[in-house]
Every structure is written in structure tokens, then in C-alpha cells.
Amino acid sequence: MAVAEERHFGRAAERLHIAQPPLSRQIRQLETELGAQLLERNTRKVELTAAGSAYLERAREILTQVEVAGNEAARIASGLQGRLVVSCVGSATYSLLPAFACTLREEIPDVELVLRGELLVPHQVERLLARDIDLAVLRPPVDETALTVRTLRTDRLLVAMPEGHALASRRRLNVKDLRGEDLVVHAGGTSVMYGAVAALFRDAGVEAKFRHEVAETSTLLTFVAAGLGLAVVPEPVSKLGVAGVTFRPVSGEGATIDLCSAVRADDNSATLYRALEVLDRVVRSAAGTKI
């Protein structure tokens, strides 16, 4: 490219900061390798042959792509470009996730964010280990040494009940108030919330009457609104605003549940680290609004 643009070996060598004889040898070696003459040379000037003009055009395209590739690699290494697949438990899907996605898009717009809706914790862990997702927002416990789990915040537990329920007249409830009530819960065996609610009742010495098990938080609230039972849920679920459902806080020891981030321990992606920084800031800034 230098010889073609300068039309002079001396000036091209100067531009490349090399001596002229090595440059001339390199051009001859290139022509030999290609089996085509690229330059017409005489004592006064250097001109491109037809083959040389075609080769120059492709060479410029290649070098442009090399520059683009270098810039892209640098941005990816800095976490400014890439792809991030995120999944959330239900209560975070409806509360924390929108704020996180919006902030991430504003701060690092060249990162492609892929959201995997509401997933129960065992499915999130499974997909993290399978490298189908990069970041999970979930409820502990997570018993998997290949993952790094950090607490983001602690949420209060609330009782969701149909409007007009007898307990709605109280400002605060304890677990003993729920004795004998039918309960709607997330599916047993696959839900952390199922275990958390069962433990809450067990520790209070109250028998839990689990009447309906559902897969999704929105379905759980729909069942509550229909009068099929009460539900114990993390506080952010109250932000869903499902008609016909009233929420009251649960008092007593153990009436909270953590929300955590989980990533693979061996994932050194700069994009992931930037995303975790954004997530931490979103959680801190939202602490007063209880999202």
C-alpha cells in the first residue's frame, strides 16, 4: 500500500521507516508468491499494473477490517462490547430487572443484553453451569462451589391475601395468624420460596396448608386474587399491582429472604464485571424505593 500510494520506493521506505533495498525485496517476493507483476518500475516513477490495482483495493479492505477487529477486541476486553445473558427469579423480574436493563443500556449500549424471563433457582443454576446464561439474580441457598454468589439485598416477607379478607384489617401479621389458612406456593422441589415458606411455618410451630402449587409469581397472585388461598412472598412482588390482592408484612424472626447475584467462578469476562458493578449501583440507588 505504501509503494502504491507514494508511487516511489524511496518515499515509501521513508514512510515505513525502513531502508529501500529491503522494501524492494519484499515487493519482489510478494510478486513471486502471487505469480503476478503488481508494479511497473522505471527510473522516474512506479505505476500499478491492473493486477496491482486489484490487489491494492483488497489490501485496503483487509487492513480496514484488521483495524475494526482491533477496536472491537479492545472494547470487548474493556467490557464495553459483548453479549450478556441474564435470568431472574420472579420477584426480581418484575422489580429489579427493568431498572438494571435500562441502566445497562444507557451506560454500555454496545453490550447485547439477553433476558431469560422468570426462572426458578434450580433451573438458573443448571443453566449457569451449562453456560446458557452468564448472570443469575436468585434467592439462596445455592449449594454449588462452581458459582460465586453475592448478596444484593434482603427483602421483607409479606402475606398476599384477597381484598376483604379478615386478616386485611391488621397492619402486621405473624405466622400464627395464618394457622388453618389455605396457602398458594411456588412448586415444591424446584422453588427456594417453597422451602423458605415451609421453614417459616415450621420454625413458628404452625402447620402449613399448601393447597396450590404454581410455577410463576404472576400465577400465584392470580390464584390469591381469585380467593384460592393466601401466599407469603418477597416484598417486591407487591409492586406488581395485581387487582384484588392486599399485602401485609410478616413480623418475627426469619421473615426475610435474601436476593443474590450468581455467576460462574471461572468467568473472567470484563463485560460481566461491568454488569455486576451496574447491578450493585442499581440495588443501592433503589434501596429507598424497595424495588
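Residue positions within a chain follow its written sequence, with the count starting from 1. Only residues with pLDDT of 70 or above have their local features reported here, since the model is predicted, and side-chain atom pairs are shown and tallied only from 80 upward, although totals for entire chains, interfaces and linings are computed over all residues. Note that water and hydrogens are dropped before the side-chain values are worked out from all heavy atoms of the structure.

Quick notes on the overall build of the protein
Then, in step 1: Across its full length, the protein holds ten helices and eleven strands.
Then, in step 2: At 31 Å, the protein has a C-alpha radius of gyration far larger than the 19 Å of a compact globule built from 291 residues.
Then, in step 3: Oriented by its inertia axes, the alpha-carbon framework of the protein measures out at about 105 × 35 × 30 Å.
Then, in step 4: Burial status across the protein gives 41% buried among its 291 residues.
Then, in step 5: Contact definition: two residues touch when any of their heavy atoms are within 4.5 Å. Across the protein, the fraction of contacts at a sequence separation of at least 24, relative to all contacts at a separation of at least 6, is 72%. Helix and strand assignments come from DSSP, with helices taken as H or I runs of at least 4 residues and strands as E runs of at least 2, each series counted from the N terminus. Radius of gyration means the value over C-alpha atoms here, while the globule rule gives 2.2 Å times the residue count to the 0.38 power. Only protein chains enter the accessibility calculation, which uses a 1.4 Å probe; a residue is then buried when its area is under 20% of its type maximum, exposed when over 50%, and partly exposed in between.

Brief notes about a nonpolar patch on the surface
Then, in step 1: Surface patches are defined over residues having more than 30% relative accessible area and no salt bridge, joining like charges when they lie within 9 Å and nonpolar side chains (Val, Leu, Ile, Met, Phe, Trp, Tyr) when within 5 Å. Note on areas: these come from Shrake-Rupley sampling with a 1.4 Å probe, and a residue is covered only by the protein chains present in the view. Salt bridge, as used here, is a side-chain nitrogen of Lys or Arg placed within 4 Å of a carboxyl oxygen of Asp or Glu. Taken together, the side chains of Met1, Ile62, Leu63 and Val66 define a hydrophobic patch exposed on the protein surface, amounting to about 360 Å² of accessible area.
Then, in step 2: Note on placement: Val66 falls in helix 4 (residues 50–77).

Considering the side chain of Arg153
Then, in step 1: Take Arg153: it is sitting in strand 6 (residues 147–162).
Then, in step 2: Definition of a polar contact: a pair of N or O atoms within 3.5 Å, with one able to donate and the other able to accept a hydrogen when the atoms are protein atoms, and with sequence-neighbouring residues admitted only if both atoms are side-chain atoms. Here Asp155 takes part through its side chain, which lies 2.8 Å from a polar atom of the side chain of Arg153.

Structural notes on the environment of Glu47
Then, in step 1: Checked against the element boundaries, Glu47 lands in strand 2 (residues 46–48).
Then, in step 2: As for Glu47 and Val121, which are separated by 74 residues in sequence, their C-alpha atoms are 68 Å apart.
Then, in step 3: Once residues lying within four places of it in the same chain are set aside, the contact partners of Glu47 are Arg7, Leu38, Leu39 and Glu40.

Quick look at the confidence of the model for the protein
Should pLDDT be low for a region, the predicted coordinates there are not to be read in detail.
Then, in step 1: pLDDT measures how confident the predictor is about each residue, on a scale from 0 to 100. For the protein, the mean per-residue pLDDT works out to 90, and 97% of the residues sit at or above 70.
Then, in step 2: When mean pLDDT is taken per element in the protein, strand 10 (residues 245–249) scores highest with 96 and helix 5 (residues 90–93) scores lowest with 78.

Things to note about the nonpolar core
Then, in step 1: To define a nonpolar core, start from buried Ala, Val, Leu, Ile, Met, Phe, Trp, Tyr and Cys residues and group those joined through side-chain atoms within 4.5 Å. Grouped together as the largest cluster of nonpolar side chains are 54 residues, with contacts concentrated most on Leu96, Phe100, Leu135, Val137, Leu178, Phe201 and Leu279.
Then, in step 2: Counting residues per element, this core draws most heavily on helix 10 (residues 270–285), which supplies seven residues.

Some details on the side chain of Ser261
Then, in step 1: For Ser261, the position within the fold is in strand 11 (residues 256–264).
Then, in step 2: Taking relative accessible area as the criterion, Ser261 reaches 2% and is therefore assigned buried.

Here we look at unusual backbone geometry
Then, in step 1: Looking along the chain, the bond that leaves Pro140 and enters Pro141 is cis, with omega of 10°.
Then, in step 2: Relative to the helices and strands, Pro141 is located in the loop between strand 5 (135–138) and strand 6.
Then, in step 3: Notably, Arg7 is not glycine yet its phi reads approximately 55°, a positive angle.
Then, in step 4: You can call Arg7 partly exposed: its relative accessible area is 33%.
Then, in step 5: For His17, which is not a glycine, the phi torsion comes out positive at approximately 60°.
Then, in step 6: Structurally, His17 can be placed in the loop between helix 2 (9–16) and helix 3 (20–34).

Notes on the pattern of salt bridges
Then, in step 1: Taken as a whole and judged by the stated rule, the model has 19 salt bridges.
Then, in step 2: Across the salt bridge formed by Arg15 and Glu6, the nearest N and O atoms sit 3.2 Å from each other.
Then, in step 3: On the basis of relative accessible area, Arg15 is assigned to the partly exposed category, the value being 37%.
Then, in step 4: Here Asp267 makes a salt bridge to Arg264, at a shortest N to O gap of 3.2 Å.
Then, in step 5: Judged by relative accessible area, which is 13%, Asp267 ranks as buried.
Then, in step 6: Connected via shared salt-bridge partners are Glu5, Glu6, Arg11, Arg15 and Arg60.

Considerations on the state of the cysteines
Cysteine pairs can be linked by a disulfide, which is a covalent bond between their two sulfur atoms.
Then, in step 1: Note on disulfides: each one is a pair of cysteine sulfur atoms within 2.5 Å. Counted by the stated rule, this structure contains zero disulfides.
Then, in step 2: Residue Cys260 stays outside any disulfide, its sulfur separated by 12 Å from that of Cys88, the closest cysteine.

A few points about the pairing of strand 10
Then, in step 1: Within strand 10, four of the five residues are buried, which leaves it mostly tucked inside the rest of the structure.
Then, in step 2: Any two strands with at least two DSSP-identified bridges between them are counted as paired. Pairing analysis gives five bridges linking strand 6 to strand 10, with the strands arranged antiparallel. In the strand pairing of strand 10, Pro162 is matched with Val245.

Quick word on the environment of Ala146
Then, in step 1: For Ala146, the position within the fold is in the loop between strand 5 and strand 6.
Then, in step 2: Between the C-alpha atoms of Ala146 and Asp266, which are 120 residues apart in sequence, the distance is 7.7 Å.
Then, in step 3: Setting aside anything within four residues of it in sequence, one finds Ala146 in contact with Leu129, Val263, Arg264 and Ala265.

Details of helix 6 (residues 96–107)
Then, in step 1: Given a rise of 1.5 Å per residue, twelve residues ought to cover 16 Å, and the 17 Å separating the end C-alpha atoms of helix 6 matches this to within 8%.
Then, in step 2: Listed as buried for helix 6 are Leu96, Leu97, Phe100, Ala101, Thr103 and Leu104. Multiplying 1.5 Å by the residue count of a helix minus one yields the expected span of that helix.

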